[in-house]
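# Understanding the architecture of this molecule
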Amino acid sequence: MNDHERIHNLLREGRITEEEAQILLGALRELEEASPQPHDFRPQTQQVRLGMLPPTLRWVRARLRDCSVEVKVNPRLQEPDIRGPVSVRDAGPDLEVDTDDEITDDVRVELPEGWGLELDMHGCDFEAEGLAWVKGRAHSCSVELERVQGVDLELNSCDFEATLKLNQGEHRLVMASTDAEIELRGSSVKVEGRIRGGDLDPRGPFTLRGRDFKGQLGRGEAHLWIEHNQGDLTLEA
């Protein structure tokens, strides 16, 4: 549990007021923004090229702060259904979503097929299931992905659990001060990566040489690059 989650739990339990929670969260954000970022958190040599993203996807671009978020795919929908104290506006073929300034408890999003999610997220408890693609960045969050088919994420000071189904394209995970459990269920993917300042628990056809690791599942039709700095990483086939 991170500090943001502790503050929200204190608020839900009635042990602090909403005003006190806002003061604590604001002070925590200022402290985190003033802290230096871990070295090599955003490497320039390994990035998902824009041309490798599915060209037909439309995007919900979400700026989320201090909230609980649940995102699912609903194939019956024609347009996204977004519920909670957020503002939603059109951005060409895409949508932009912002949480309100006040503390946000729950945001619920249902996406039609053919939509991806781009995140700028801080202090959130986030769950997503069945999405075609998730990209962006998260700081001080709990992030859980289930049956996600594409990723390009930067995670700092997070807890991360993911079940990924990668069968085509380029994918990237860059993590700092993050404990991560990643399962590549039903994937055909070539995995390459580097780990620093933590332990790798490889559960499958993965080999570690020095700081570098690699492996391949199936025919290796997709490619996943993982950069992991500080924290433990479990990688499972």
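Look above for the structure.
What comes next is a walk through the structure. (Residues numbered from 1 in each chain as written. Predicted model: local features only at pLDDT ≥ 70, side-chain atom pairs only at ≥ 80, totals over all residues. Heavy atoms only, no water.)

## Side note on the overall build of the protein chain
For clarity, the cut-off: The helix count covers DSSP runs of H or I at least four residues long, the strand count covers runs of E at least two residues long, and both are numbered beginning at the N terminus. Three exposure classes are used, based on accessible area relative to the maximum for each residue type with a 1.4 Å probe and protein chains only: buried under 20%, partly exposed in between, and exposed over 50%. Between two residues, a contact is recorded if the distance between any of their heavy atoms is within 4.5 Å. Working definition of accessibility: Shrake-Rupley area with a 1.4 Å probe, residue cover restricted to the visible protein chains.
The helix and strand inventory of the protein chain stands at two helices and 20 strands. In the protein chain, which comprises 237 residues, the proportion classed as buried is 47%. Counted over contacts in the protein chain with a minimum sequence separation of 6, partners at least 24 positions apart contribute 57%. A total accessible area of about 12200 Å² is found for the protein chain, and carbon and sulfur atoms account for 43% of it.

## Considering the pairing of strand β6 (residues 106-111)
Put simply, the rule is: Pairing between strands is defined by DSSP: at least two bridges between the two strands are required.
Only one face of β6 is buried, namely the one carrying Val107, Val109 and Leu111, since none of Asp106, Arg108 and Glu110 on the opposite face is buried. Here strand β2 (residues 68-73) runs beside β6; their pairing, made up of six bridges, is parallel. Looking across to β6, one finds that Glu70 is bridged to Arg108. Bridge count for strand β3 (residues 81-83) against β6 is three bridges, and the pairing is antiparallel. For Asp81, the partnering residue across the bridge sits in β6 and is Glu110.

## Regarding a negative patch on the surface
The condition is simple: Exposure above 30% relative accessible area and the absence of a salt bridge qualify a residue for a patch, where like charges join within 9 Å and nonpolar side chains (Val, Leu, Ile, Met, Phe, Trp, Tyr) within 5 Å. Criterion for a salt bridge: a side-chain nitrogen of Lys or Arg within 4 Å of a carboxyl oxygen of Asp or Glu. Charged-residue counts in this description rest on Lys and Arg as positive and Asp and Glu as negative, His and the chain ends being excluded. Where a charge lies is defined by one atom per residue type, namely NZ (Lys), CZ (Arg), CG (Asp) and CD (Glu).
Taken together, the side chains of Asp125, Glu127, Glu144, Asp159, Glu161, Asp179, Glu181, Asp199 and Asp232 present a region of like negative charge at the surface. Counting only elements with at least two residues in the negative patch, the list comes to β8 (125-129), β12 (159-164) and β14 (179-183). The residue Glu144 is located in strand β10 (residues 142-148) in this model.

## Focus: the pattern of salt bridges
One pass over the structure, following the stated rule, counts 21 salt bridges. Linking Arg108 and Glu70 is a salt bridge whose minimum nitrogen-to-oxygen distance equals 3.7 Å. Placement of Arg108 in strand β6 and of Glu70 in strand β2 is noted, with a sequence separation of 38 residues between them. For Arg194, the salt bridge identified is with Glu227, shortest N-O distance 3.8 Å. With Arg194 in strand β15 (residues 189-196) and Glu227 in strand β19 (residues 222-229), this residue pair connects regions lying 33 residues apart in the sequence.

## Some details on empty space enclosed by the protein
We apply this condition: Site definitions follow a grid-based scheme: protein atoms alone, a 1 Å grid, a 1.4 Å probe that fits but cannot get out for cavities, and for pockets an open set with protein on both sides within 12 Å along at least five of seven lines, plus lining residues having an atom within 4 Å of a point. Grid points are joined across faces, edges and corners, and a volume is the space filled by probe spheres set on the points. Amino acids are sorted into nonpolar (Ala, Val, Leu, Ile, Met, Phe, Trp, Tyr, Cys and Pro), charged (Asp, Glu, Lys and Arg) and polar (every other residue, Gly among them).
Taken as a whole, this structure holds one cavity of 30 Å³ or more when the rule is applied. In this model, the largest cavity occupies a volume close to 60 Å³. Taken together, the elements giving at least two residues each to the lining of the largest cavity come down to β1 (58-65), β2 and β6. Here the lining of the largest cavity takes three residues from β1, the largest share from any one element. The residue inventory of the lining of the largest cavity, partitioned by class, reads 10 nonpolar, no polar and no charged.

## Section: the sheet that holds strand β16 (residues 200-203)
The condition that has to hold: Angles here are taken between N-to-C directions and fall from 0 to 180 degrees, while the axes themselves are lines fitted to C-alpha atoms, restricted in helices to the stretch in contact.
An order of β3-β6-β2-β8-β10-β12-β14-β20-β16 is seen for the nine strands of this open sheet, with the pairing classed as mixed. The open sheet has two edge strands with one neighbour each: β3 and β16. Within this sheet the neighbouring strands show an average axis-to-axis angle of 5°, counted without direction. For β12 and β14, the ladder comprises five bridges, and the chain directions are parallel. The partner of Ala162 across the bridge, within β14, is Ile182.

## Description of the pairing of β14
Judged by which residues are buried, β14 turns out to be one-sided: Ala180 and Ile182 face inward and are buried, whereas Asp179, Glu181 and Glu183, on the alternate face, are not. Sheet analysis places β14 next to strand β20 (residues 233-236), joined by four bridges and oriented parallel. Across the sheet, Ile182 pairs through a bridge with Leu235, a residue of β20.

## Some remarks on the packing of aromatic side chains
Convention followed: Here is the rule: rings of Phe, Tyr and Trp (six-membered ring for Trp) pair when centre to centre is within 6.5 Å. Planes less than 30 degrees apart are stacked, more than 60 are edge-to-face, and the remainder are tilted. The criterion for a charge sitting over a ring is simple: Lys NZ or Arg CZ within 6 Å of the ring centre, and within 35 degrees of the ring normal.
For the structure shown, the criterion picks out zero aromatic pairs. The lysine or arginine in question, Lys135, covers the ring of Trp59, its NZ or CZ lying 4.1 Å from the ring centre.

## Quick word on unusual backbone geometry
The phi dihedral of Asp66 falls on the positive side, at around 50°, and the residue is not glycine. Inspection of the secondary structure puts Asp66 in the loop between β1 and β2. By relative accessible area, which is 5% here, Asp66 ends up buried. Positive phi values are uncommon outside glycine, yet Ser177 reaches one of about 50°. By relative accessible area, Ser177 is classed as partly exposed at 36%.

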